[in-house]
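Summary of the model geometry
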Number of protein chains: 2
Amino acid sequence: MSGYYTQEAHGPFEMIGIGALELEDGGSIPDCRLAVATHGTLNAAKDNAILVPTWYSGTSKIMEQVYIGRGRALDPTKYFIIVVNQIGSGLSTSPSNAEGALAGARFPQVRIGDDVRAQHRLLTQHFGIERLALVVGGSMGAQQTYEWAVRYPDMVRRAAAIAGTARNTEHDFMYAQTLIEAITSDPAFAGGAYKNSADVAAGLKRQAKLWTVMGWSTEFFRAKRHHALGFDSMEAFVDNFMTGYFAPMDPNNLNAMAWKWQRGDVSRHTGGDLAAALGRIKARTFVMPISHDMFFPPADCQAEQQLIPNSEFRPLASIDGHLALFGTDAQMLAQLDAHLLALLGAAAP
Amino acid sequence: MSGYYTQEAHGPFEMIGIGALELEDGGSIPDCRLAVATHGTLNAAKDNAILVPTWYSGTSKIMEQVYIGRGRALDPTKYFIIVVNQIGSGLSTSPSNAEGALAGARFPQVRIGDDVRAQHRLLTQHFGIERLALVVGGSMGAQQTYEWAVRYPDMVRRAAAIAGTARNTEHDFMYAQTLIEAITSDPAFAGGAYKNSADVAAGLKRQAKLWTVMGWSTEFFRAKRHHALGFDSMEAFVDNFMTGYFAPMDPNNLNAMAWKWQRGDVSRHTGGDLAAALGRIKARTFVMPISHDMFFPPADCQAEQQLIPNSEFRPLASIDGHLALFGTDAQMLAQLDAHLLALLGAAAP
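Since this is a predicted model, take the numbers as computed values, not measurements.

The next point concerns the nonpolar core. With 243 residues, the main nonpolar core has Tyr67 and Leu74 of chain A together with Tyr67 and Leu74 of chain B as its most contacted residues. When residues no more than four places from it in sequence are discounted, the contact partners of Leu74 of chain A are Ile50, Val52, Tyr67, Ile68, Gly69, Ile81, Leu134, Val136 and Leu340 of chain A.

Structure, rendered in structure tokens:
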């Protein structure tokens, strides 16, 4: 077991048990534990809570670095900000830390809806929160944000979905499939029964290369943004930055998240009718794709925005593409903050 | 040996020997043979010749289907159109048909410049052609078109580079690398020593999925163009259309072409100075990216066009993206023909 999924690397976070979680696809997690990082203080009225779910491969640590800070839109001196690591993230209950019948490749299939029900239980039962000033998330965090707004429309006053969709596209499904197969095709993956992540280094590096191709944008590389980030060559960027990022992660964790990502779909609540599902949303909603995102492109997000009653299309401009989520583009972060400030200042149900 | 690389599947073509070809990266092909398909008749002045080089995985057959026909811009009643299958294509000298020291994984590294010198010898020595009315190619065909215009500026009167670049980008290199590794990571590839393409079916299918993600566009799938092409689901599209296309191909052939594609770079003639290389071009040149191309995007092509003296930027609009080259979008083909007619009608040196 590496030191990657630890308080030292990703903390501080608190492990909070929410009991047994029945899963939409069958089975259950008997003792589901969520890794939760909070910032700020819940006020007496309990109306200053903001929920931040996490994206694929991300943890509460990078959410803090990218979104949260004094003077930022998500200001811990004003709000009580709750970052909940998704199931499978490696911090909350995950293939890498589950034991016995749930360990490793035996981990059950978990859906976005399972995460959101777990988070709902956490907020209502552990924190006593009945309404959220805002749910904001990027990528798989956006999937969870949409699921929140559709599943619990009276609880979510505002929603900000960044670089993600309410119903995953066929194209995006296939991209995630290539990520999964980069790992599963490595003989050392052994159907999930590898001993250490390092055994699957070749598969993880292939996944890092796929992220290199699709995660940024062609304009990013033409503008030599990878050089600006400190790497002399594409090879150094892939080997050190991209592979360095994915190499310590647990392959079963990544695949559990990717499986979930592929199937994000709020229209499961309405028999496949996306317009009906998005029509349920009461939250004041900002839809915020990133201009150069190659797999959650603005047009896909705008098509959904047009189905959400009280919504605005607020795209973010960045040639860093999807991985501008990493916080690599200060101008994009400034746009993000401006939009979130506007949203937090806007009237909401 | 499958029946894929045959006259029945890809003919008619003629095998023409051009002698020993010394290679830029060392070694040689002792008896280099080019598979050549011609359409129309060379006139007495020998000034109606059009050269069409081929793209990755493509052969002269699809070039004919996509570009050539009575009433089309490339009209065989007016022009003598010569389609030359690239080295490594499976029809010209390739890993799959070479013998002895060149067979299979032992095939030497061949560059775009090697192909263009081989084609030059074919045109001048076999056909007695000294000037080309037009060189036109898509993708790797565009790479060869640029190489022709830079290497033999006095021989190329007009050039049309479709969906390709003169110097490959780092992003595109990495995309091609993922294609190569989809194959080489398959244990059955065995370092290129597999017995049959079918042995490497898993790797070829993974490559087909990468092409599914990057070859079309997000808009293509949003508009359900894959349904319009006759497939009920993404799964059917991937299994039947995309995998069906790649499955019979030879993995070593594909990798030889991908290696060549990665290194396309006319600035090899000028010590890495791209502006100097493109400044050599005398041809009247149309630069024709496809609007939704995810790896030869318009901006990359336009940046090169601005370095070519007698050139115009003539983008093609199609949500089919790069693989609009397959001829799936009739409106794109109409645009292509209009541009090529304009180019063929334009004054040229």
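Here the narrative resumes, following the displayed structure.
Now for the sheet that holds strand β1 (residues 14–17) of chain A. All names here are of chain A. Overall, mixed pairing links the eight strands, which are arranged β1-β4-β6-β5-β7-β8-β9-β10 in an open sheet. Edge positions in the open sheet fall to β1 and β10 (311–313), since each of these has one partner strand only. Shown here is a sheet whose adjacent strand axes are inclined to one another by a mean of 20 degrees, direction ignored. Relative to strand β4 (residues 33–39), β1 runs antiparallel, the two sharing four bridges. In the strand pairing of β4, Gly17 is matched with Arg33. Here helix α3 (residues 112–126) sits on the sheet and contacts β1, β4, β5 (49–53) and β6 (80–84); the angle it forms with β4, its principal contact strand, is near 60 degrees. Packing of helix α12 (residues 298–305) onto the sheet brings it into contact with β9 (284–288) and β10, and relative to β10 it is tilted by some 160 degrees.

Here we take up the packing of helix α5 (residues 170–184) of chain B against helix α10 (residues 251–262) of chain B. Residues and elements named next belong to chain B. Running from N to C, α5 and α10 point in directions that differ by 165 degrees, and their axes come no closer than 9 Å. By the angle class used here, α5 and α10 are roughly antiparallel. As α5 packs across α10, the resulting crossing turns out to be left-handed. From α5, Asp172, Phe173, Tyr175, Ala176, Gln177, Leu179, Ile180, Ile183 and Thr184 reach across to α10, where they touch Pro251, Leu254, Asn255, Ala258, Trp259, Trp261 and Gln262. Residue classes in the contact of α5 with α10 are distributed as 11 nonpolar, four polar and one charged.

All right, on to the side chain of Asp75 of chain B then. Residue and element names in this part refer to chain B. Tracing the backbone through its elements, the reader meets Asp75 in the loop between α2 (60–67) and β6 (80–84). Summary of buried charges: Asp75 has no salt-bridge partner, and the nearest side chain of opposite charge, Lys78, is 4.7 Å away. Ignoring any residue separated from it by four or fewer positions in sequence, one finds Asp75 in contact with Gly69, Arg70 and Ile81.

Right, let's talk about the packing of α3 of chain A against helix α4 (residues 140–151) of chain A for a bit. Residues and elements named next belong to chain A. Contact geometry for α3 and α4: axes closest at 9 Å, N-to-C directions at 65 degrees. It follows that α3 is roughly perpendicular to α4 by the angle criterion. Between α3 and α4 lies a crossing whose hand is right-handed. Contacts from Ile112, Gly113, Asp115, Val116, Arg117, Gln119, His120 and Leu123 in α3 reach Met140, Gln143, Gln144, Glu147, Trp148 and Arg151 in α4. Tallied by class, residues from the contact of α3 with α4 come to five nonpolar, five polar and four charged.

On to the pairing of strand β4 (residues 33–39) of chain B, then. All names here are of chain B. Taken across its seven residues, β4 has five buried, putting it largely inside the fold. Across four bridges, β4 lies against β6 in antiparallel orientation. In the strand pairing of β6, Ala37 is matched with Val83.

This next bit is on the environment of Asn43 of chain A. Residue and element names in this part refer to chain A. Note that Asn43 resides in the loop between β4 and β5. On the basis of relative accessible area, Asn43 is assigned to the partly exposed category, the value being 27%. Separated by 37 residues in sequence, Asn43 and Phe80 have C-alpha atoms that sit 7.7 Å apart.

Conventions adopted
Sequence order sets the numbering: in each chain, residues are counted from 1 along the sequence as written. All chains are assigned letters beginning at A, and all ligands numbers beginning at 1, according to the order in which they are written. Owing to the predicted nature of the model, reporting of local features is limited to residues with pLDDT of at least 70; listing and counting of side-chain atom pairs is limited to 80 or more, with chain, interface and lining totals taken over all residues. With hydrogens and water excluded, all non-hydrogen atoms of the structure serve as input to the side-chain values. The term nonpolar core refers to a set of buried residues drawn from Ala, Val, Leu, Ile, Met, Phe, Trp, Tyr and Cys, joined through side-chain atoms within 4.5 Å. Buried residues are those whose accessible area, probed at 1.4 Å on protein chains only, stays under 20% of the maximum for their type, while exposed residues exceed 50% and partly exposed ones sit between those limits. Here, two residues are considered to be in contact whenever any of their heavy atoms come within 4.5 Å of each other. Pairing between two strands requires that DSSP report at least two bridges joining them. Here a helix means four or more residues in a row that DSSP labels H or I, a strand means two or more in a row labelled E, and each is numbered from the N terminus. Only the stretch in contact is used when a helix axis is fitted, and all axes are lines through C-alpha atoms; the angle between N-to-C directions ranges over 0 to 180 degrees. Orientation categories follow fixed angle ranges, with anything under 35 degrees roughly parallel, anything over 145 roughly antiparallel, 65 to 115 roughly perpendicular, and all other angles oblique. Left-handed describes a crossing whose near helix is turned anticlockwise from the far helix by less than a right angle; the clockwise case is right-handed. Charged residues are taken to be Asp, Glu, Lys and Arg, nonpolar residues to be Ala, Val, Leu, Ile, Met, Phe, Trp, Tyr, Cys and Pro, and polar residues to be all remaining types, Gly included. His is not counted, nor are the chain ends, whereas Lys and Arg count as positive and Asp and Glu as negative. Only one rule defines a salt bridge in this text: a Lys or Arg side-chain nitrogen within 4 Å of an Asp or Glu carboxyl oxygen.

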